[in-house]
Protein chains: 4
Amino acid sequence: MDRKNQRRTSFRQRVFEILEVADVGDRASQLFDISLLVLILANLAVITLETVDGLTAQYQVYFEVCETVSITIFTIEYLLRIWSCTAAPEFRHPLLGRLKFLFTPLALIDLTALAPFYLPLLIPIDIRFIRVVRLLRVLRLFKLSRYFQSFQVLGNILKSKRDELLVTLVGVLGLLWLASTLMYFIEHDAQPEAFASIPATMWWGVATLTTVGYGDIYPVTTAGRILGSFISILGIGLFALPTGILASGFTEELERRKSKLPQNTCPHCGKSL
Amino acid sequence: MDRKNQRRTSFRQRVFEILEVADVGDRASQLFDISLLVLILANLAVITLETVDGLTAQYQVYFEVCETVSITIFTIEYLLRIWSCTAAPEFRHPLLGRLKFLFTPLALIDLTALAPFYLPLLIPIDIRFIRVVRLLRVLRLFKLSRYFQSFQVLGNILKSKRDELLVTLVGVLGLLWLASTLMYFIEHDAQPEAFASIPATMWWGVATLTTVGYGDIYPVTTAGRILGSFISILGIGLFALPTGILASGFTEELERRKSKLPQNTCPHCGKSL
Amino acid sequence: MDRKNQRRTSFRQRVFEILEVADVGDRASQLFDISLLVLILANLAVITLETVDGLTAQYQVYFEVCETVSITIFTIEYLLRIWSCTAAPEFRHPLLGRLKFLFTPLALIDLTALAPFYLPLLIPIDIRFIRVVRLLRVLRLFKLSRYFQSFQVLGNILKSKRDELLVTLVGVLGLLWLASTLMYFIEHDAQPEAFASIPATMWWGVATLTTVGYGDIYPVTTAGRILGSFISILGIGLFALPTGILASGFTEELERRKSKLPQNTCPHCGKSL
Amino acid sequence: MDRKNQRRTSFRQRVFEILEVADVGDRASQLFDISLLVLILANLAVITLETVDGLTAQYQVYFEVCETVSITIFTIEYLLRIWSCTAAPEFRHPLLGRLKFLFTPLALIDLTALAPFYLPLLIPIDIRFIRVVRLLRVLRLFKLSRYFQSFQVLGNILKSKRDELLVTLVGVLGLLWLASTLMYFIEHDAQPEAFASIPATMWWGVATLTTVGYGDIYPVTTAGRILGSFISILGIGLFALPTGILASGFTEELERRKSKLPQNTCPHCGKSL
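Residues numbered from 1 in each chain as written. Chains lettered and ligands numbered in written order. Predicted model: local features only at pLDDT ≥ 70, side-chain atom pairs only at ≥ 80, totals over all residues. Heavy atoms only, no water.

## Describing the relation of the copies chain D and chain B
There are two copies of the chain, and a rotation about an axis plus a shift along that axis relates them. Note on the identical chains: chain D maps onto chain B by a rotation of 90 degrees and an axial translation of 0.0 Å, with an RMSD of 0.1 Å. On this basis, the relationship between the two copies can be described by a four-fold rotation axis. (Least-squares fit on C-alpha atoms with pLDDT ≥ 70 in both.)

See below:
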């Protein structure tokens, strides 16, 4: 009995290893990772190509096969993950550990990837909402995040500069509101349709501050153009501030790695020292 | 008599504390801050939504209620600030201290926030200027600045790099003038309306140097396009210079903070480790 | 016999030196470099000007002379390089060394530069493919790379930051896909032609994220504009991330050069002070 | 005689001091600087406003008065500079020193500022060239450079990063040529007018790589849009590279200033150590 249990445990341990991102040299796990990566990318490709008129008519069958196969594999993957998660120390408890695992971000993403298929079976969904439910398949993109752990380095830098970036964002939103409000009062009389209201003028404000400049809306009065010029030039600062912040973040990160001190975060705010 | 005075002083002290940005743990002050923050944001929302045609007709009453409530609260807040400011050491003198307080930037911002209501009562204002006076409500945006003290760090970096940024700005304005003048002489004959004068051509210059490029005005002659290409490429430097300046500013700031604090303090939150 | 062999070797050595990028003071080699540089630039100029309608009619003869002269010189250059490459230690073996040399990137570039002339002689090429074969002349641009070795410093920095840049690129592509997919579902009904499918919407996504904003395609619905605004603002991060990464790369490179060289050497030119 | 000579020398010395940019506390020199600065700015304003149709008719007289006054003052200034330049050690020789002074950049700029008036008097100029000669007044902008010596710091950083910036520029031009050539072959058949030739397509290339995106020319074929997307994304690197280079330049400059070592340049290449 004990041996059987042990064998099952070690089998579960192996399943867990294969499901997780592969360690160097673990061929079976690597093969599984690559297969799943390809399946996810195929899913994204299907979502993309389904919207092309000519293709849908011709390849509808293949798209549906792909969807069915994906749902089957994703379901098995999801169930195996729940079954094997107890192999990880933090989810060791058979019930509570699994419940805890179900609410990790990656497990929630895996669940939403299944929703478009299972949701209509569980709840009677109005035909009008079918489209919204199908749209949930878009979230399969985030299943990829498991395989790009290098994002974490980037995420750490963004996190360590959170305050500065947030202040910049607040400043940008304030500037956007002020610019759009002033521009509305200047341009509304000359172009009552394009600059119909302050929210409408904000579309001009975003296009100008971010220097996208589609050209669907722009000031034509002299006062409007002078204000627009100021905002455009201030828009340059909009690029300079976050770039400067991130540049110093990357330099810091580098120095931290060089010094390789073990205790490199503040226990109070969690930022790098 | 003395005790009564002391009680009043300590009451004034408490009012002052509540009006100021809350210290950690001061629940009453935090509640006041959040209430006022919400009220200011509601004001900005009303200014924004009032300009949307459909909404004004329907919600005019609510907008007016919001304005009346805001004016009442802002007036009380302003008067309480003047009354309690003597609790701060720098405004201790009952009369001169208060006068000094009235001319601080934050107090002036608070005053302008009241102007759209009280100005027409105090001075007979021509109906044509009513709109301009109402526009002063836009300045309520700056009432928010009290609650974003982190802007100061950003402001310090901008201030420490003032000279370099100013020289960059002068260079940009010079380049803008030169580019627009040359472009005017090249393109005026081919497009006498779009490139009507040098000031008009500057609108093209700004759109090109900042890479906004609305597309309402652009050179069509070969010479004009060659000049335009040069200016566009120089426009890249326009982004590179302030970004480089600010990046070195942020790196400096960080080093300054590190060297200033004792070794066992977090440079981000200032707490001891 | 031995002496004759030696003389031939030293002649081959000299040819090799002349063909390679000149050392300081080697006049003959410098002259050869400049001549070839001018010839390559003339080739690029011909490719460019051939497409201008008026010029082709008038200067067709000159363009053909230039092509014939170029092919002759490039052929001789290519053969001499193969013959003399054994003067370099890594290609010393008369046969294997030459084979190894033939597959170096620079030798392959030299070969493709000859393809537009020799390919139709070797293989019977359908008249429809003539244009494609002629297009291969564009690759002569890369013959210039031999003369810009400073690109290597830039290349090294890009290589040392490969991982961060790649992660940024993956993130950008993911964001582009997500933005385009959501925008398609929002805007397709309002603009069924411009936002015809997800791949078509990606053209909008690229123009927005990179802030190019041609203005041929942009959202018109309120929901679309709100999404578009988010994406535009996120597009700023798209500039901030690689810039921050490269800025830290350049700072690193400089420090590396400083620490590598002995104290009394210039980190820029490597000369002793 | 000797005393008279000395008095004249000291008078010339004083004139020289007044003409040069003022030392702190030298009121007369400061007043002169400000007067000349205002005069130059007035000149630029006149050049700008002359092109505005309505204004020329009305203020023609004032514009001409301004021109006459400017020419008079600029002439006197120029002659005084030549007379007094011998007060500077490097131009001490009465004849050779003055000749040397005449060919300094600032003196040449002062001369060109006078050309539009004196050139037609000296050489009989065809009426068709009058406009070109008048355009020389634009160069008065550069008379301002004397008063913005902080440009030198910026110039030093640009100079110390000359090589990296030049390589980036060459890379950009190569990429521009390659992108435009490929785009021409892809789009020419679909849009024979907009993409008429490779030089014409380069106008698209510049607008895309610099992210200006006027929207007057853009690809419409699928292949063209895919290439355009690649080029747009590469265009981001076009901003990232010079910015990264300059950011490291500013950081270096800062460190140099901090260490304040007297011998901080390499005697071989002149770059900062």
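From this point, things continue past the structure.
## Focus on the packing of helix H7 (residues 151-160) of chain A against helix H8 (residues 162-187) of chain A
Residues and elements named next belong to chain A. Two elements in contact, H7 and H8, have axes whose closest approach is 5 Å; the angle formed by their N-to-C orientations is 65 degrees. Relative to H8, the element H7 is oriented roughly perpendicular. Residue-level inspection shows Leu 158, Lys 159 and Ser 160 of H7 in contact with H8, the latter providing Arg 162, Glu 164 and Leu 165. Of the residues that constitute the contact of H7 with H8, the class distribution is 2 nonpolar, 1 polar and 3 charged. (Axes fitted to C-alpha atoms, helices over the stretch in contact; angles between N-to-C directions. Helix = DSSP H or I, 4+ residues; strand = E, 2+ residues; numbered from the N terminus. Parallel < 35°, antiparallel > 145°, perpendicular 65-115°, else oblique. Contact = heavy atoms within 4.5 Å. Nonpolar A, V, L, I, M, F, W, Y, C, P; charged D, E, K, R; others polar.)

## Details of the pattern of salt bridges
Per the stated rule, a full pass over the model turns up 60 salt bridges over all chains. Linking Asp110(A) and Arg81(A) is a salt bridge whose minimum nitrogen-to-oxygen distance equals 3.6 Å. With Asp110(A) in helix H5 (residues 105-122) and Arg81(A) in helix H3 (residues 53-84), this pair connects stretches of sequence that are 29 residues apart. Residue Asp110(A) is classed as buried on the basis of its relative accessible area of 2%. Residue Glu17(D) pairs with Arg14(D) through a salt bridge whose shortest N-O separation is 3.0 Å. Separated by 3 residues within a single helix, Glu17(D) and Arg14(D) lie in helix H1 (residues 2-19), roughly one turn from each other. The exposure class of Glu17(D) is partly exposed, given its relative accessible area of 32%. One continuous salt-bridge network, built from bridges that share partners, spans Glu20(A), Glu77(A), Arg81(A), Asp110(A), Lys143(A) and Arg146(A). (Salt bridge = Lys/Arg side-chain N within 4 Å of Asp/Glu carboxyl O. Buried < 20%, exposed > 50% of the residue type's maximum accessible area, 1.4 Å probe, protein only.)

## Regarding the interface of chain B and chain A
The partner chain A presents 50 residues to the 41 residues of chain B that form the contact. Summing both partners gives a buried area of about 4100 Å² for chain B against chain A, and 76% of it is carried by carbon and sulfur. Linking chain B to chain A there are 1 salt bridge. In this structure, the salt-bridge partner of Asp216(B) is Arg225(A), at a minimum N-O distance of 3.8 Å. (Buried area = accessible area lost by both parts, 1.4 Å probe.)

## A few points about the interface of chain D and chain B
Contact residues are listed per partner, giving 34 residues for chain D and 43 residues for chain B. When chain D packs against chain B, close to 3500 Å² is buried across both sides, 76% of that on carbon and sulfur atoms. Contact with chain B buries area across many residues of chain D, yet Thr51(D), Trp203(D) and Tyr214(D) alone supply 19% of it, more than any other trio. Linking chain D with chain B are 4 residue pairs in polar contact (both at pLDDT 80 or more). At the level of elements, helix H2 (27-50), helix H6 (130-135), helix H7 (151-160), helix H9 (198-209) and helix H10 (222-259) of chain D are the ones that each hand at least two residues to the side of chain D that touches chain B. When its residues are assigned to classes, the side of chain D that touches chain B shows 22 nonpolar, 8 polar and 4 charged. (Polar contact = N/O pair within 3.5 Å; in protein donor to acceptor, adjacent residues only side chain to side chain.)

## Structural notes on a nonpolar patch on the surface
Residues Tyr59(A), Val61(A), Tyr62(A), Val65(A), Val69(A) and Ile73(A) make up a contiguous nonpolar surface patch of about 560 Å² in total accessible area. Along the chain, Val61(A) falls in helix H3. (Patch = residues over 30% accessible without salt bridge, like charges linked within 9 Å, V, L, I, M, F, W, Y side chains within 5 Å. Areas by Shrake-Rupley, 256 points an atom, 1.4 Å probe, with all protein chains shown as cover.)

## Quick look at the packing of aromatic side chains
Going through the model one piece at a time under the given rule, you end up with 35 aromatic pairs over all chains. Seen in terms of ring centroids, Phe11(D) and Trp83(D) are 5.9 Å apart; in terms of plane orientation they differ by 55 degrees. Their pairing is tilted. Remark: Trp83(D) occurs in helix H3 (residues 53-84) and Phe11(D) occurs in helix H1; sequence separation between them is 72 residues. The exposure class assigned to Trp83(D) is partly exposed, which follows from its relative accessible area of 25%. Each residue in the set Phe239(A), Phe239(B), Phe239(C) and Phe239(D) is aromatic and connected to the rest through ring pairs, giving one cluster. Note that Lys143(B) overlies the ring of Phe74(B), its terminal NZ or CZ placed 4.4 Å from the centroid. (Phe/Tyr/Trp six-rings, centres within 6.5 Å; stacked < 30°, edge-to-face > 60°. Lys NZ or Arg CZ within 6 Å of the ring centre and 35° of its normal.)

## Comments concerning the packing of helix H2 (residues 27-50) of chain C against helix H3 (residues 53-84) of chain C
All names here are of chain C. Their axes nearest at 10 Å, the elements H2 and H3 cross at an angle of 140 degrees. Where H2 crosses over H3, the two elements pack in a sense that is left-handed. On the side of H2, the interface is formed by Phe 32, Leu 36, Leu 39, Ile 40, Asn 43, Val 46, Leu 49 and Glu 50, while H3 contributes Leu 55, Thr 56, Phe 63, Cys 66, Glu 67, Ser 70, Ile 73, Phe 74, Glu 77 and Arg 81. Taken together, the residues of the contact of H2 with H3 sort by class into 11 nonpolar, 3 polar and 4 charged. (Left-handed = near helix turned anticlockwise from the far one by under 90°.)

Purely spatial values, then, with no claim about function.
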